[in-house]
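# Observations on the three-dimensional arrangement
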Amino acid sequence: MTAKKLMVQGTFTGAGKSFLVALLCRIFREEGYKVAPFKLLNWTGVVHRDEEGREFGYSQVLQTVAAGTKPDYRTNPFTPKTLPGGKLDLLIEGRPIYRGYTFPWTLLKGWTIRRRRIWAKVKEAGKRCFEGLAAEHDIVVIEGSGPSKVLRMGFYTKMIEIANQWVAETFDAPVIIVGKCPQAVPPLLSHLKPEQRERVKGMVLNPFVAPQMLSHLTGEKEELFEKELAAGVEKEVGLKVYGVLPFFEELSKLPPLDPILWGEKPPLGPWEKIISKIAREARDHLDVEGLLKLAK
Amino acid sequence: MSGKVLMIHGTDFGVGKSTLASLLCRALKIKGFKVSPFKSLALTTLTEKVGEGEMAFAQAVQARMAGVEPDPRMNPLLVRPQGRGKVEFFVRGKRVSSGRLEPERLRDWEEQVRECLSQLSREFDIVVAEGMGPTRAPYYREPLSTLLEFANWRTAELADARVVLCTDEVEAPARFLSYLSGQEKRRVKGVILTKFELSDVVVKWGYRRVAGRAMARWFGWVYGRAGGVKFLSVLPEVRGPQLDPLLPSPKPSVDSVLRTLEEAVEKVQGYLRLRKILSTLS
């Protein structure tokens, strides 16, 4: 494994992980690196089907487009694909291992061993895919799933634990947390084990609208408020703030990048234009050098 | 006023307070209550002309959802930013000043807010009040922090309101409760989680009422212990135009907004757990 790694985890579902990873892919690429996204587990109804017939999360395709490379099934080894009627297709490396997996009933009996086997397969596939990506790229930006830790929720807890903490530990990646509400971070960090907590190096706020609002209200410059608020957040959370991203109008008009249910796919052509435009603006709000130094 | 005002505070801007208030207005109307929306101090560029006066668009929509005529008393104080540090300031729908915002003068208008509240609570069975932004944000600076404090906790005190915390981050409420004084904490009766994606999945499965109750209990059990937070309901995501956008944006038509909200009322049925929410008022 030669590539540098950086992992993005969220405070909660819909925190903006997929967007931040796409943004980082774009920015690192513009810095001259060969970048790949990676998300071990992507529970989604919106999938991409490549020429070989492999299916994987569409948000990973958006991220690879942002990184300027070709869609690759290895960016998303495990995809539980939501189907209508409460069913799931379980796809490993783009190939189905179970079709029409009805989730609530399989929790009951006879499935404990099968579930264990599935997780073992997922981990194996994850390692294989990641090593492949790491050998071919300079930086791999890893994305977690959901919140970085969930307590006492059985199957869901296990899933989140593997998708976030197992990945960070196995691939030895430094973690940044992304979220819109800084107050959610201290309770979240308090749930982590000491060695997991040590891996968390910083946070990115996305979107954080207070600076824009304040500048609109008072007529002063946005950057002024941004620095001050970031300092306040740093004191509150106890993590270095690597960026305070504003509200991007173009992004809010797109359908959600990585929904759990099925939905519209943002078309790839316009998406590339949008993400490159956003990346230009976002550079002023992100500590790119700091993030590059953080990746190891 | 005691036991009549249900106030919705948020943990951030744009967590869905206005939408939640509109849904509550309609749901309570269906139950047969006479409901009025309320927001003591609105900071928005979207306003609606009502008779002679001007009021916030979100409250006008909420009044329609409640099936009552919009009235500037439902939004006694209104700040309309005009960009470059200039604002227009409305009291009970009438413009009283324009120019720079003077947050220190808010105290002078307290009497107006109190009067509007007491009139509304006499005329209506329930007043669904809405706060502004995060319920308290220690690191925000002037003038935003004064506005927030007035719109949230000063109003809650004036109205003697029961407060429900609306959030889209399950971990956040515990931290926010630690910012509050003992007296304020006693006002907070529970948390409502909005925009929860997994409940969208469950909506499609169709086990609504059971799932709604189970999720609220589950979250209460898992996340509630630390800060003594009670989860009243867990709501799925509702798509539609923003009622109270954070930044200047074009005004959507009232009809289209009402239509999406009416669909949303259908969608959250069984998840809203109205009886639980009403029990906070008694």
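Attention here is on the structure that accompanies the text. Please read these numbers as outputs of a predicted model, since none were measured by experiment.

Let us now look at unusual backbone geometry. Cis geometry is adopted by the peptide bond preceding P207 of chain A, which originates at N206 of chain A and carries an omega value of -20°. With respect to the helices and strands, the residue P207 of chain A is situated in the loop between strand 10 (200–205) and helix 8 (210–218). Residues other than glycine seldom take positive phi values, yet D160 of chain B does so here, at roughly 50°. Relative to the helices and strands, D160 of chain B resides in the loop between helix 4 (144–159) and strand 10 (162–167). Phi at R273 of chain B takes a positive value of approximately 55°, unusual for a residue other than glycine.

Turning to the sheet that holds strand 8 (residues 139–147) of chain A, a few remarks are in order. All names here are of chain A. Strand order across the open sheet formed by six strands is 2-8-1-9-10-11, with parallel pairing between neighbours. Strands with a single pairing partner mark the edges of an open sheet, and in this sheet they are strand 2 (35–39) and strand 11 (240–244). Direction aside, neighbouring strands of the sheet carry axes that sit 25° apart on average. Across four bridges, strand 1 (residues 4–10) lies against strand 9 (residues 175–179) in parallel orientation. Bridge pairing in strand 9 links Q9 to I177. On the sheet, helix 1 (residues 17–30) packs against strand 1, strand 2, strand 8, strand 9 and strand 10 and is oriented at approximately 170° with respect to strand 8. This element, helix 5 (residues 155–170), spans strand 1, strand 8 and strand 9 of the sheet and lies at about 150° to strand 8.

Moving on to the interface of chain B and chain A. Contact residues are listed per partner, giving 32 residues for chain B and 35 residues for chain A. Of all the secondary structure elements, the ones that give two or more residues to the side of chain B that touches chain A are strand 6 (77–83), helix 5 (172–177), helix 7 (197–205) and helix 8 (208–227) of chain B. Among the residues making up the side of chain B that touches chain A, the classes are represented as 19 nonpolar, three polar and ten charged.

Reading the values: the criteria
Residues numbered from 1 in each chain as written. Chains lettered and ligands numbered in written order. Predicted model: local features only at pLDDT ≥ 70, side-chain atom pairs only at ≥ 80, totals over all residues. Helix = DSSP H or I, 4+ residues; strand = E, 2+ residues; numbered from the N terminus. Pairing = 2+ DSSP bridges. Axes fitted to C-alpha atoms, helices over the stretch in contact; angles between N-to-C directions. Contact = placed C-beta atoms within 7 Å. Nonpolar A, V, L, I, M, F, W, Y, C, P; charged D, E, K, R; others polar.

Distances and angles like these do not, on their own, reveal function.
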